[in-house]
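Breakdown of the fold
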Amino acid sequence: MKKRIILLLFLSQGIDCFTQINPIANPRYNDNFSYLKQDTAARKGLNTLKNIALSERAFISFGGEIREQYQYFKNINFGDIPPTSKEKTVGQLWHRMLVHANLELSEKFRVFLQLNSTLRFFNPNPITPEIDENQLSLHQAFADYYFDKNWSVRLGRQEMGYGNNRVITFREGPNTRLTFDAAILKYQNKARHIDFLAITPVISKQYIFDDQSFKEFVFGLYATEFIIEKKLLVDYYLLNFTSDRRQYNFISGSENRQNFGMRLFSLNNKFNYELEGSYQLGTFNHSKIAAYSVSSDVSYKIHGNSHCVLGVVFNYFSGDEDQNDNQLNTFNQFFAKPSFGLAAPIGSSNIINLNPYLRIAPVKKLTIYSGVYFMQRQSAQDGTYTPGSTQVRPNPTQLFSTRNRHIGTQYALEAGYQLNNHFFFAVDGAYFVAGDYVTDTGNGLDITYLALKSTFKF
């Protein structure tokens, strides 16, 4: 079962799907260096830090990673920057360092600890702590206990990612990854994996050990069923979300929202499909919630040395239909991945998106992705939101000033090179042509984005 879950996560990670599987995982608590307990000849170099015997049944492993990422933005947020910012065209360096220790005290009990340090340089604009910089934090600190081969519990601070990361994920793209304080009861067998969740996201702060949590809460379950091997797999989730931090059309309030979702997908060698839908209900202040989403991804792999994959993604995330009724229709993306990259501050609320793409591996260690994102608002009565659910457009004085829905078209090109198990290099570029909605509600300048990334893991 564990191999199946690792394969599932591996194949859902976009352009990385052509790289070779190695014992270093993402997230790092899934690292698998167990072979070193028997293969003493392989214990050399950085592998000497793995599975160090403390006793006959106890082992400790150390690891870490460093990521350096230079980014260039021309016309941040289409040229509409807040009054506190100085420049709309900037270059910046993101620095991320993570170190961890994994202590296995027996086959039933282990403890995982990880420290995080993220820094931003060269950008004169104010820092966004939850994205840019967290000087030093306790990023993960949890314990696993295995009752038997099917049941286990995980308690403490931890990263997590489910399905295609459309609901809950650690958000790899931003400089500071997302983590949660959580209690998770886990069940798994050959055909089923169920997590019963009680979680609260950690609010990343800029300085040393100053993070916060217990501001938003999610309770519920997320499950995966292996119906027909490779041909039909099903995720389903029932989640209850409570918060006083979110705003919709710049109105704050108390939110209690239930999210019911299902995802059907395959893991075939050639043709693959993914279909996910969810419905949300509950209350926001005195308004009833009725929101929904539909996402699909259909792809076909052309066999050959190039490993070419052609695909198309479709997303439909509801927005508020009428500001004067007693109903809120804005889809809450919870803690999802940035669905459209980092070029523009656009998340999965009030969006209709079509994304044809091409993914190719011309040589074994190189992967290339190219895609076009056609975007428009689902509702003209609602704005657009960042992946962190902050409304950025239009500003409060222009909320209903335009009926135009066309957000724009983004052209993206990404290349990644996996040198070996430890080194990874990538180049990302995007050009976003602003649409009528964007030009009607601000400067509406086209965005140019370029990123150079290098990662070392051990």
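See the structure shown above.
The following refers to the structure shown. (Residues numbered from 1 in each chain as written. Predicted model: local features only at pLDDT ≥ 70, side-chain atom pairs only at ≥ 80, totals over all residues. Heavy atoms only, no water.)

**As for the pattern of salt bridges**
Filter applied, for reference: Salt-bridge detection follows one rule: a side-chain nitrogen of Lys or Arg within 4 Å of a carboxyl oxygen of Asp or Glu. Think of it this way: any DSSP run of H or I at least four residues long counts as a helix, any run of E at least two long counts as a strand, and we number them from the N terminus. Burial classification: accessible surface area is computed with a 1.4 Å probe over protein chains only, and a residue below 20% of its type maximum counts as buried, one above 50% as exposed, and the rest as partly exposed.
Per the counting criterion, the structure on display carries 22 salt bridges. Between Lys37 and Glu104 there is a salt bridge whose closest N-O contact spans 3.1 Å. Of this pair, Lys37 sits in the loop between α1 (2–11) and β1 (52–53) while Glu104 sits in strand β3 (residues 89–104), and the two are 67 residues apart along the sequence. By relative accessible area, Lys37 is classed as partly exposed at 31%.

**Re the environment of Trp94**
To keep things clear, this is the line we draw: When checking whether two residues touch, look at their non-hydrogen atoms; a contact exists if any pair is within 4.5 Å. Any N or O atom pair separated by 3.5 Å or less is treated as a polar contact, with the protein-specific requirement of one donor-capable and one acceptor-capable atom, and with residues adjacent in sequence counted only for side-chain atom pairs.
Here Trp94 shows up in strand β3. When neighbours within four sequence positions are excluded, Trp94 is seen to be in contact with Arg67, Glu68, Gln69, Gln71, Leu119, Arg120, Ile131, Asp132, Gly173, Pro174, Asn175 and Leu342. One polar contact links Trp94 to Asp132, side chain to side chain, over a distance of 3.1 Å.

**A closer look at the side chain of Asn350**
Examined against the element boundaries, Asn350 turns out to sit in the loop between β17 (327–328) and β18 (351–363). One polar contact links the side chain of Asn350 to the main-chain amide nitrogen of Gln378, over a distance of 3.2 Å. Beyond its immediate chain neighbours, meaning those up to four positions away, Asn350 contacts Phe317, Ser318, Gly319, Gln376, Arg377, Gln378, Ser379, Asp382 and Gly383.

**Observations regarding the nonpolar core**
Heads up, the condition is: Think of a nonpolar core as a cluster: buried Ala, Val, Leu, Ile, Met, Phe, Trp, Tyr and Cys residues, connected wherever their side-chain atoms sit within 4.5 Å.
In terms of nonpolar packing, the biggest core is built from 21 residues, with Phe78, Ile346, Met375, Ile407 and Phe432 touching the most fellow members. Elements represented by at least two residues in this core include exactly β16 (308–317), β18, β19 (366–376), β22 (406–418), β23 (423–434) and α2 (436–440). Not counting chain neighbours up to four residues away, the residues in contact with Phe78 comprise Ala344, Arg393, Phe432, Ala434, Val438, Asn443, Gly444, Leu445 and Ile447. The next biggest cluster of nonpolar side chains, apart from the first, holds 17 residues, and it includes Met160, Phe180, Val218 and Leu239.

**Structural notes on the packing of aromatic side chains**
Two aromatic rings are characterised by how far apart their centres lie and by the angle between their planes. Condition: Stacked, edge-to-face and tilted labels apply to pairs of Phe, Tyr and Trp rings (six-membered ring for Trp) whose centres lie within 6.5 Å, assigned for plane angles under 30 degrees, over 60, and everything in between, in that order. Both a distance and an angle decide whether a charge sits over a ring: NZ of Lys or CZ of Arg must be within 6 Å of the ring centre and within 35 degrees of the ring normal.
Applying the stated criterion across every chain, the model contains 25 aromatic pairs. Centre to centre, the rings of Tyr222 and Tyr237 are 5.1 Å apart; their planes meet at 10 degrees, and the pair counts as stacked. With Tyr222 in strand β9 (residues 216–228) and Tyr237 in strand β10 (residues 232–243), the pair connects residues that are 15 residues apart, well separated along the chain. Assessed through its relative accessible area of 5%, Tyr222 is described here as buried. A relative accessible area of 1% means that Tyr237 is categorised as buried. Judged by centre distance (6.3 Å) and plane angle (55 degrees), the rings of Tyr248 and Tyr385 are tilted. Note that Tyr248 is positioned in strand β11 (residues 247–248) and Tyr385 in strand β20 (residues 384–385), a separation of 137 residues in sequence. An identical accessibility class is assigned to Tyr248 and Tyr385; each is buried. By way of ring pairs, the aromatic residues Phe180, Phe241, Phe334 and Phe335 are connected into one cluster. Across from the ring centre of Tyr29, 4.6 Å away, lies the NZ or CZ of Arg154, which sits over that ring. Seen from the ring of Phe265, Arg263 lies directly overhead, with NZ or CZ sitting 3.9 Å from the centre.

**Thoughts on the pairing of β23**
Just so we agree on the cut-off: In this description, strands pair whenever DSSP reports at least two bridges between them.
With 11 bridges connecting them, β22 and β23 associate as antiparallel partners. When the bridges of β23 are listed, Gln410 appears paired with Phe432. Between β22 and β23, which pair antiparallel in sequence order, lie 4 residues. Pairing geometry for β23 and strand β24 (residues 447–457), over 10 bridges, is antiparallel. Counterpart to Phe432 in the pairing with β24 is Ile447.

**Observations regarding the pairing of strand β13 (residues 255–265)**
Judged from the 11 bridges that link them, β10 and β13 form a sheet pairing that is antiparallel. Across the sheet, the residue bridging to Thr242 is Asn256, located in β13. The pairing of β13 with strand β14 (residues 271–284) spans 11 bridges and is classified as antiparallel. Pairing of Phe260 across the sheet is with Tyr279, part of β14. Turn length for the β13-β14 hairpin, with the two strands adjacent in sequence and antiparallel, is 5 residues.

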